[in-house]
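Spelled out from the first residue to the last, the chains are:
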Amino acid sequence: MSTVLADTKTARGGTTALMVALLTACVAFQLNASMLSPALVTMGEELQTDQASIGLSQTWFFTTAALFSLFLPRLSDVVGRKRILVGMMLLTAAGSVIAALAPDITWLFVGRIIQGVSGPTVPLCLIMLRTAVPNPKSYGTMMGVILAVNGGVAGVDSFLGGYLAEHHGFRSIFWFMAVLGVIAALLVARLTRESKPQAGTTMDWVGVFFIVVAVGTALTALNEAAKLVGAFDAGTLVLAVVLLAVSAAAFAAFWATEKRTKQPMVEIVHLRQRATWAPLLTTVLTMTGIFAVINGIVPAYVQAAEPGFGVGPTEMALLILTPYALLGWIFGPISGRLAPVFGYTTVLRIGMVGSLVALGIIVLFGLDSLPLMVAGTALLGIMYAGTANIMLNGLGVVLSPPGNPGFLPGMNAGAFNLGAGLSFLVLPAVLVGTSALGDRGSYFTVVIVGLVITAAAFAASLLIPKPVEAEVQEEGSKPIDAGAAR
């Protein structure tokens, strides 16, 4: 009995140490993604450049983050997850140092692009966590904690970024990121175990090249197409069309490569399975329907004097964005805990239905009442940020094929970025295209469109198979299948 208790304490201590390391890595990535948002104006002033260029540096960070997410999880299966995560953190710290020392916008671009290597931090952490934690309930809770951090550090990240930029300049933010990146690398190196289930496998670099080109050109095409909203330009349109054509050709080449390669990045049979394309489709549609609503449409409406409420930026953040992020941060671990018990797909669909209700409150009542707008966005924080978003990320891990566990989490990360890009392309285009209906009519229409797309996402979620190995039966916790965990 004493031996069993000792082993249990050791396991708990090991899990606690693992969570400390993984959470530090996730926070390091999240700060790269969100900490600069309140400092963009300061960055433009100190580097003596325009906001469009500063914004482009952000775009390149997220684009490169999406591209690295496509293949680094798979590479980690081959050469070691711990090794890849440590390398990612050190490169992220190096990029932070370059950005902190940047004499001009060009070097800022270099630093931000290098920081993009941190893109697959969260899916890689989830894969490492699933390998180390066989109990579905425990894994679900810890998964929820990690993904809640990924949604924002309860607003502290933005506040700290604004404070540092105001009192010490934007470079202090990058120095803070650099220090945290080094700390994360040391903790991961010290507190986590190495795992490489596909050791000895040859990495399919030709396939990697084609899928990176396919997704990269698609994301760039979306960025170019977004410029057409409200300001048509024939050259931009032609460029966007050419990029989409290149993307389609590259994906066709990727498909052909995977069919004939002996050790493909992903087997074609996996691409054809509902366990692959259904969650990816659901992720893209969900992000398209909701992302721009909460991050663009609603904040703009609330701040507009007509037909909105004339609320200032700070008050808007306190009323809309902070409760949304905070509630998502609180409910993430709860939904993660419930997922193995009630089913990942069941909890996902509850979150999807709740998101539809939240969008309904916003469009039917929130446009005329600030309190009801706040209520609608708060519910969206619970049901989307704290539930549906958590499940979509989690399903990317638990549905990934046992022989290629890094494949689906990486593709799902790309789907999140693609959906976010589509959201900021489609919904603003609807807003501009319905201007004849008047300001209120345009906002009403664009939220309705978001609601319809989210309803389509709910329909797609019905096609996602149940990840039985990651769930427990009524009589108690059933360990995750060892092969699946690897």
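Residues numbered from 1 in each chain as written. Predicted model: local features only at pLDDT ≥ 70, side-chain atom pairs only at ≥ 80, totals over all residues. Heavy atoms only, no water.

Asks: Mind showing me how you'd approach the packing of helix 7 (residues 136–150) against helix 14 (residues 313–342) here?
Replies: In a packed pair of helices, the relevant descriptors are the angle between the two axes and the axis-to-axis distance. Across the interface, helix 7 lies against helix 14 with an axial gap of 7 Å and an inter-helix angle of 155 degrees. Overall, the two elements helix 7 and helix 14 adopt an arrangement that is roughly antiparallel. Once helix 7 is placed against helix 14, the crossing between them reads as right-handed. Together, Pro136, Lys137, Ser138, Gly140, Thr141, Met143, Gly144, Val145, Ala148 and Val149 of helix 7 and Gly328, Trp329, Gly332, Pro333, Gly336, Arg337, Pro340 and Val341 of helix 14 make up the contact between the two elements. (Axes fitted to C-alpha atoms, helices over the stretch in contact; angles between N-to-C directions. Helix = DSSP H or I, 4+ residues; strand = E, 2+ residues; numbered from the N terminus. Parallel < 35°, antiparallel > 145°, perpendicular 65-115°, else oblique. Left-handed = near helix turned anticlockwise from the far one by under 90°. Contact = heavy atoms within 4.5 Å.)

Asks: Explain the packing of aromatic side chains to me, please; I cannot follow it from the model alone.
Replies: How two aromatic rings sit relative to each other is given by the distance of their centres and the angle of their planes. Using the criterion set out here, one finds nine aromatic pairs in the structure. Taken together, a centroid distance of 6.1 Å and an interplanar angle of 70 degrees make the contact between Phe71 and Trp205 edge-to-face. In this pair, Phe71 is assigned in helix 3 (residues 51–79) and Trp205 in helix 10 (residues 205–226), connecting sequence segments 134 residues apart. Since its relative accessible area comes to 13%, Phe71 is described here as buried. Consider the rings of Phe251 and Trp255, whose centres lie 6.3 Å apart with planes at 50 degrees: the pair is tilted. Taken together, the residues span about one helical turn, with Phe251 and Trp255 both in helix 11 (residues 234–260) at a distance of four residues. Overall, the relative accessible area of 26% leaves Trp255 in the partly exposed class. Aromatic ring contacts, followed pair by pair, group Phe68, Phe71 and Trp205 into a single cluster. Lying across the ring of Phe61, Arg112 places its NZ or CZ 4.2 Å from the centre. (Phe/Tyr/Trp six-rings, centres within 6.5 Å; stacked < 30°, edge-to-face > 60°. Buried < 20%, exposed > 50% of the residue type's maximum accessible area, 1.4 Å probe, protein only. Lys NZ or Arg CZ within 6 Å of the ring centre and 35° of its normal.)

Asks: Hey, could you run me through the environment of Leu31 in this one?
Replies: Turning to its location among the elements, Leu31 is positioned in helix 1 (residues 2–34). Between the C-alpha atoms of Leu31 and Phe309, which are 278 residues apart in sequence, the distance is 31 Å. Filtering out sequence-adjacent residues up to four positions away, Leu31 remains in contact with Leu36, Asp157, Phe176, Met177 and Leu180.

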